[in-house]
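Examining the three-dimensional arrangement
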Amino acid sequence: MGSFVFITGASSGFGEACAEIFASQGYNLVLVARRKDRLIELSKRLERNYDIEAIINELDVRDEMAVSKVVHNLSDRVKSQLQILINNAGLAAGRASIESGLTSDWNQMIDTNLKGLLYVSQQIIPIFKKNGFGHIFNISSIAGKEVYSNGNVYCATKHAVDSLSKAMRLELVEFGIKVTNIAPGAAETEFSLVRFKGNQINADSVYDGYNPLQAIDIAETIYFAATRPKHVTLNDIVIMPTDQANSTVFHKK
Ligand SMILES: NC(=O)c1ccc[n+]([C@@H]2O[C@H](COP(=O)([O-])OP(=O)(O)OC[C@H]3O[C@@H](n4cnc5c(N)ncnc54)[C@H](OP(=O)(O)O)[C@@H]3O)[C@@H](O)[C@H]2O)c1
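Thresholds, definitions, all that
Position labels on residues start from 1 in each chain and follow its written sequence. Where totals are concerned, whole chains, interfaces and linings use all residues; where local detail is concerned, this predicted model gives features only for residues with pLDDT of at least 70, and gives and counts side-chain atom pairs only at 80 or more. Working definition: helices are DSSP H or I runs of at least four residues, strands are E runs of at least two. Numbering for both runs from the N terminus. Labels follow a simple rule on C-beta atoms placed from the backbone: if 20 or more others lie within 10 Å of a residue's own, it is buried; if 12 or fewer, it is exposed; otherwise it is partly exposed. Contacts are defined on C-beta atoms placed from the backbone: any two residues whose C-beta positions lie within 7 Å are in contact. A helix is expected to span 1.5 Å multiplied by its residue count minus one. The reported bend at a residue is simply the angle between two axes, fitted to the 7 residues ending at it and to the 7 residues beginning with it. Any nonpolar core is a set of buried residues, restricted to Ala, Val, Leu, Ile, Met, Phe, Trp, Tyr and Cys, that join up through C-beta atoms within 7 Å. Throughout this description, a residue near a molecule or strand is one whose C-beta atom, derived from the backbone, lies within 6 Å of it. Amino acids are sorted into nonpolar (Ala, Val, Leu, Ile, Met, Phe, Trp, Tyr, Cys and Pro), charged (Asp, Glu, Lys and Arg) and polar (every other residue, Gly among them). When DSSP locates at least two bridges between a pair of strands, those strands are taken to pair. Look down the strands so they point away from you; if going from the first strand over the helix to the second traces a clockwise path, that crossover is right-handed.

Before going further, it helps to spend a moment on the environment of Gly90. By secondary structure assignment, the location of Gly90 is in the loop between β4 (82-87) and α5 (103-131). Take Gly90: there are 27 C-beta atoms within 10 Å of it, and that puts it in the buried class. The spacing of Gly90 and Tyr154 is 64 residues in sequence and 9.8 Å in space, taken between C-alpha atoms. In contact with Gly90, other than residues within four places in its own chain, are Gly9, Thr112, Asn113 and Ile139.

Rendered as structure tokens:
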């Protein structure tokens, strides 16, 4: 097949599950995240199991120069076969009122979820234009559709991702580049452990009493959207656990 998929935040959760599903279907990968040890392990496993090529780069998407360098250093062969970008790297840090929130948490979320996504997209879009095709997946959230209590800045960054997906569509429609916004509800990944800064009890309590989504559910949805015919684009996908009605209402047993 030869096509490459560029995945940010591939070291766990949705990103890792996307790497697995695309590799299993013969796609090659460019995987980036900060935890290089995880990327090494993942790439070795996927190359062994699926006979694909997985290029890894330790990258903090908040570092504009580093993002530019990683993309610049891809070979012409990889660039010419790059078809899909999954803008997935992101996080929630803390859950507090604006009055009591940590500005360091706000900066991390804004710099990663919003500016990092922009830095990566700015580097990849010219490659897609040159190739005459490309598909960008932006991982927003139900928090990008609704605001929940004490979710202020995280929700704002994900609303911004939702807006950027719309903006990208306006800019890229004439180049045949697809843009799919993905808005998941609660999914059991390392997301809550990161949000609550390693507090396992608080993290586990997020998923108590109902069946959350799993990373594979998001990866399968992205793979489905990525494999529609050329003339079909799924613009915006809200994917929820059956036990979750909106950002705040859960059916707990
Ligand atoms: N889980 C949910 O309930 C849920 C729901 C809706 C949307 N989302 C969104 O889905 C995306 C993936 O989250 P997840 O649930 O899969 O959580 P996760 O398991 O914590 O994965 C987050 C990924 O983002 C990477 N990342 C974080 N900061 C980064 C940075 N500065 N530079 C590069 N990579 C960075 C992490 O890698 P390193 O730490 O190795 O850098 C990790 O691979 C996020 O954008 C999140 O906001 C999650």
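An ideal rise of 1.5 Å per residue puts 42 Å on 29 residues; α5 measures up with 41 Å between its terminal C-alpha atoms. The sharpest bend along α5 measures roughly 35° and falls at Lys115. If you check which residues of α5 are buried, you get Met109, Thr112, Asn113, Gly116, Leu117, Tyr119, Val120, Ser121, Ile124 and Phe128. Looking at the buried side of α5, the elements it contacts are β1 (4-8), α3 (64-72), β4, β5 (134-139), α6 (152-172) and β6 (177-184). Two residues or fewer past α5, Gly132 is found with a positive phi of approximately 80°.

Core analysis: the largest hydrophobic core is formed by 66 residues, its most contacted members being Cys18, Ala19, Leu29 and Leu31. For Leu31, the residues in contact, after removing those within four places along its chain, are Ile7, Ala10, Ala19, Leu39, Leu42, Ser43, Ala54 and Ile56.

Let us now look at the site of the ligand. Lining the immediate environment of the ligand, one finds 31 residues, of which Gly9, Gly13, Arg34, Arg35 and Gly90 sit closest. Those elements that place two or more of their residues in the shell around the ligand are α1 (13-24), α5 and α7 (191-195). Element by element, the count of residues in the shell around the ligand is highest for α1, at 3 residues. Here the shell around the ligand is built from residues that sort into 14 nonpolar, 12 polar and 5 charged.

Quick look at the pairing of β5 now. With respect to burial, β5 is a largely interior element, 6 of its 6 residues being buried. Because side chains alternate across β5, one face comprises the buried residues Gly134, Ile136 and Asn138, and the other comprises His135, Phe137 and Ile139, equally buried. Where β4 and β5 come together, 4 bridges link them in parallel fashion. What sits directly across from Asn87, in β5, is Asn138. Note on the crossover from β4 through α5 to β5: the handedness is right-handed. Where β5 lies against β6, 6 bridges are found, and the strand directions are parallel. Within β6, the residue paired with Phe137 across the bridge is Thr180. You can see the chain leave β5, run along α6 and come back into β6, and the turn it takes is right-handed.

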